[in-house]
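Breakdown of the fold
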Amino acid sequence: MHRMILKSAAQQIRAARAEAEASGEEWEGPEGRKSSQKEYDMDALRELRQKKRTAGDDFRTARRKLASNTRTERKSEGRMKIEWSYEPGELVKIKNSAFRRFKNHLENMGLFAGAVGVIVENEDDVWRSAANKVIHVMGPAGLQAWDASWVVIADE
């Protein structure tokens, strides 16, 4: 049914009920909305919500927190440092999988899957404590900083 027809019918029922109550007659039409007679223990509900909040959202969140804590522990102990072994002068090309994953970013840089360049120098990434993670490459769009995970050594 059309929404306007339903609204009009509800208004007519309300008007008829109000008219019957005003004249002192007993209403025999459909009943109005009944409010819920349930009683809730608000303290128990508040406690349940708080318990869910402190327990973590779900398995993924708990796993992510655990991985983050483990990573910070390893970093503080000096046990975890990722190193890339690309040397200056090597010919590298952008992997297809990297292009699919970072397509918008790479296209904005003027790059494409299979773009070839020569490594000029390496640089450590201080944010991730990774050695030689950023490589400066002379490629099709000039001298640019590429991520070492994007590239593979190009076959002649």
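In this report, we go over the structure that sits alongside the text. (Residues numbered from 1 in each chain as written. Predicted model: local features only at pLDDT ≥ 70, side-chain atom pairs only at ≥ 80, totals over all residues. Heavy atoms only, no water.)

1. Some points on the overall build of the chain
Just so we agree on the cut-off: Secondary structure elements follow DSSP: runs of H or I no shorter than four residues count as helices, runs of E no shorter than two count as strands, and numbering proceeds from the N terminus. Whether two residues are in contact is decided by their heavy atoms, any of which lying within 4.5 Å being enough. Note on areas: Shrake-Rupley with a 1.4 Å probe; residue coverage comes only from the protein chains shown.
The helix and strand inventory of the chain stands at five helices and six strands. Order of helices (α) and strands (β) in the chain, N terminus to C terminus: α-α-α-β-β-α-α-β-β-β-β. Looking at the chain alone, contacts between residues at least 24 apart form 50% of all its contacts between residues at least 6 apart. Of the roughly 12,800 Å² of accessible surface on the chain, 50% is carried by carbon and sulfur atoms.

2. Overview of the packing of aromatic side chains
In this description, an aromatic ring pair is defined by two values, namely the gap between the centres and the angle between the planes. This is how it is decided: Each Phe, Tyr or Trp ring (for Trp, its six-membered ring) is paired with any other whose centre lies within 6.5 Å, and the angle between the two planes then decides the class: stacked below 30 degrees, edge-to-face above 60, tilted in between. Relative accessibility under 20% of the residue-type maximum defines a buried residue, over 50% an exposed one, and the middle range a partly exposed one, all with a 1.4 Å probe and only protein chains included.
Considering all chains together, one arrives at one aromatic pair under this definition. Consider the rings of Phe-102 and Trp-150, whose centres lie 6.1 Å apart with planes at 45°: the pair is tilted. Pair noted here: Phe-102 is in the loop between α4 (96–101) and α5 (103–108) and Trp-150 is in the loop between β5 (142–147) and β6 (151–153), with a separation of 48 residues, a long-range link. Using a relative accessible area of 7% as the deciding quantity, one classes Trp-150 as buried.

3. A few points about a nonpolar patch on the surface
Note the threshold: Each patch is built from residues lacking any salt bridge and having more than 30% relative accessible area; the joining distance is 9 Å for like charges and 5 Å for nonpolar side chains (Val, Leu, Ile, Met, Phe, Trp, Tyr). Salt bridges are defined as contacts in which a side-chain nitrogen from Lys or Arg sits within 4 Å of a carboxyl oxygen from Asp or Glu.
A contiguous nonpolar patch, built from Val-118, Val-120, Met-138 and Leu-143 and spanning about 350 Å² of accessible area, is present on the exposed surface. Relative accessible area serves as the criterion here: at 44%, Val-120 is assigned to the partly exposed category.

4. With respect to the nonpolar core
In plain terms, the rule: Think of a nonpolar core as a cluster: buried Ala, Val, Leu, Ile, Met, Phe, Trp, Tyr and Cys residues, connected wherever their side-chain atoms sit within 4.5 Å.
Counting residues in hydrophobic clusters, the biggest one holds 16 residues, and the most contacted among them are Leu-106, Leu-111, Trp-146, Trp-150 and Val-151. Among the secondary structure elements, those contributing two or more residues to this core are β2 (91–94), α4 and β4 (130–139). For Leu-106, the contacting residues outside a window of four places in its chain are Ile-94, Ala-98, Phe-99, Leu-111 and Trp-150.

5. Some words on the side chain of Lys-133
To keep things clear, this is the line we draw: Any pair of nitrogen or oxygen atoms within 3.5 Å is treated as a polar contact; in protein, a donor-acceptor pairing is required on top of that, and neighbouring residues in sequence qualify only through side-chain atoms on both sides.
Locating Lys-133 in the fold gives a position in strand β4. Judged by its relative accessible area of 11%, Lys-133 is buried. At 3.1 Å, the side chain of Lys-133 forms a polar contact with the side chain of Asp-147.

6. A short note on the environment of Asn-122
Within the secondary structure, Asn-122 is located in strand β3 (residues 116–125). The spatial distance from the C-alpha of Asn-122 to the C-alpha of Pro-88 is 7.1 Å, given a sequence separation of 34 residues. Not counting residues within four places of it along the chain, the set of residues in contact with Asn-122 comprises Tyr-86, Glu-87, Pro-88, Asn-132, Val-134 and Ile-135. Of note is the side chain of Asn-122, whose polar atom sits 2.7 Å from the backbone oxygen of Tyr-86.

7. Considering the pattern of salt bridges
Applying the stated criterion across every chain yields a total of two salt bridges. The partner of Asp-43 in a salt bridge is Arg-46, and the shortest N-O contact between them spans 3.1 Å. Separated by three residues within a single helix, Asp-43 and Arg-46 lie in helix α2 (residues 42–55), roughly one turn from each other. Under the relative-accessibility criterion, Arg-46 is labelled partly exposed at 48%.

8. Description of α2
How we decide: For a helix, the expected span equals 1.5 Å multiplied by the number of residues minus one.
Between the first and last C-alpha of α2 there are 20 Å, a value that for 14 residues agrees with the 20 Å anticipated at 1.5 Å per step. Within α2, only zero of the 14 residues are buried, leaving the element largely exposed.

As far as function goes, none of this settles anything; it's purely spatial.
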